[in-house]
Amino acid sequence: MRATCILLCFFTFLVVSSAHPGKKKQYKPCKELVLYFHAIIYNGQNAANATSAIVAAPEGANLTILASQFHFGNIAVFDDPITLDNNLHSPPVGRAQGMYIYDTKNTFTAWLGFSFVLNSTDHHGTINFMGADPTLVKTRDISVVGGTRDFFMHRGIATIATDAFEDDVYFRLRVDIKFYECW
C-alpha cells in the first residue's frame, strides 16, 4: 500500500509539473526606476572633475591610462553622481559607488559590483548591483541583489545602456531598474 501511494504521488508530481511545458509565467515588476550615472575617469590631468580611478593595472605604476588590449586587467573604483536625466549638471539624487573589473582579453567586457546610494526627496537607501557587463552590447542586464531603506530586500533586474561616452574619460549609463521582489 505504501509503495503504491509513493508511486502515485510521484506520478502526480510528474503530470502536474509538465502540464504547461511551453508556457513561462509572466512576472510584472512591483516597482520601476530609471536613473543615469556619470563616470569621469581620472586621466592624470582631471583630478578636480574625476569620479572614477584606475586602482590596478597590468602596467603596474601607470594608473592613469587604460590597458591597450580591451583594458584587460584594469580595475577601477568609482563614486559617480546619479541623476534623474542624462544631464551631468542636473542635481544629483545620489551616488553610484563600487568597482568594475575589465576581465576579458578579446572584447570589451567588465564585471560590475556597485551600489546606488540614494538620498533625495523621493528615495532613500541603497540598491545593490552585481554582474557581467558586455560593454559593446546595446542593452545588457545585471542583477539587483538587494537594498536598504526604501529598497529593503528588493531584488530584480537592471537593464543598462551606454547613453554617451567620450574616449576613455567619460561615459554615462542609463539604468532601467525593475524590481520583482519588493518588501
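For the structure, check the block above.
Residues numbered from 1 in each chain as written. Predicted model: local features only at pLDDT ≥ 70, side-chain atom pairs only at ≥ 80, totals over all residues. Heavy atoms only, no water.

A. How the structure looks around the overall build of the protein. Along its length, the protein carries one helix and nine strands. For the protein, the α and β elements follow one another from N to C terminus as α-β-β-β-β-β-β-β-β-β. Counting the 183 residues in the protein, one finds 35% classified as buried. Relative to all contacts within the protein whose residues are 6 or more apart in sequence, the contacts with residues 24 or more apart total 47%. As displayed, the protein has an accessible area near 11,300 Å², and 60% of this comes from carbon and sulfur atoms. (Helix = DSSP H or I, 4+ residues; strand = E, 2+ residues; numbered from the N terminus. Buried < 20%, exposed > 50% of the residue type's maximum accessible area, 1.4 Å probe, protein only. Contact = heavy atoms within 4.5 Å. Areas by Shrake-Rupley, 256 points an atom, 1.4 Å probe, with all protein chains shown as cover.)

B. Quick peek at the pattern of salt bridges. One pass over the structure, following the stated rule, counts six salt bridges. Among the salt bridges present, the one from Asp133 reaches Arg140, with a minimum N-O distance of 2.4 Å. One connected set of salt bridges, linked through shared partners, spans Glu32, Asp176 and Lys178. (Salt bridge = Lys/Arg side-chain N within 4 Å of Asp/Glu carboxyl O.)

C. Focus on a nonpolar patch on the surface. A cluster of nonpolar side chains, namely Tyr27, Ile157 and Tyr180, defines an oily patch on the protein surface of about 310 Å² accessible area. By the element assignment, Ile157 lies in strand β8 (residues 155-166). On the basis of relative accessibility, which here comes to 32%, the residue Ile157 falls in the partly exposed class. (Patch = residues over 30% accessible without salt bridge, like charges linked within 9 Å, V, L, I, M, F, W, Y side chains within 5 Å.)

D. Spotlight on the nonpolar core. Among the nonpolar cores identified, the biggest contains 29 residues, and Phe37, Phe116, Ile127, Phe129 and Ile177 are the most heavily contacted of them. Those elements that provide at least two residues to this core are β1 (31-40), β3 (75-83), β4 (94-102), β5 (109-119), β6 (124-134), β7 (139-147), β8 and β9 (170-181). Sequence-distant contacts of Phe116, that is, excluding residues within four places in its chain, are made with Leu35, Phe37, Ile82, Arg95, Ala96, Gly125, Thr126, Ile127, Phe129, Val175 and Ile177. (Core = buried A, V, L, I, M, F, W, Y, C linked by side-chain atoms within 4.5 Å.)

E. Inspection of the side chain of Asp80 at higher detail. Note that Asp80 resides in strand β3. We note that Asp80 is buried and unpaired, the nearest opposite charge coming from Arg95 at a distance of 6.0 Å. A distance of 3.1 Å separates the side chain of Asp80 from the side chain of Ser52, its partner in a polar contact. Here Asp80 is in contact with Phe37, His38, Ala39, Ile40, Thr51, Ser52, Gly94, Arg95 and Ala96, once residues within four sequence places are set aside. (Lys, Arg positive; Asp, Glu negative; His and termini not counted. Polar contact = N/O pair within 3.5 Å; in protein donor to acceptor, adjacent residues only side chain to side chain.)

F. Just the environment of Ser115, in detail. With respect to the secondary-structure elements, Ser115 resides in strand β5. The exposure class assigned to Ser115 is buried, which follows from its relative accessible area of 18%. Residues Ser115 and Ala96 lie 19 residues apart in sequence; the distance between their C-alpha atoms is 5.7 Å. Those residues in contact with Ser115 that lie beyond four places of it in its chain are Arg95, Ala96, Gln97, Ile127, Asn128 and Phe129. Among the polar contacts listed, one links the side chain of Ser115 to the side chain of Asn128, at a separation of 2.6 Å.

G. A look at the state of the cysteines. Summed over all chains, the structure comprises one disulfide. Paired by a disulfide, Cys30 and Cys182 hold their sulfur atoms 2.0 Å apart. Residues Cys30 and Cys182 share a disulfide whose torsion about the S-S bond is about 85°; that sign makes it right-handed. With Cys30 in the loop between α1 (2-17) and β1 and Cys182 in the segment after β9, this residue pair connects regions lying 152 residues apart in the sequence. With relative accessibility at 43%, the residue Cys30 sits in the partly exposed group. For Cys182, a relative accessible area of 31% corresponds to the partly exposed category. (Disulfide = S-S within 2.5 Å.)

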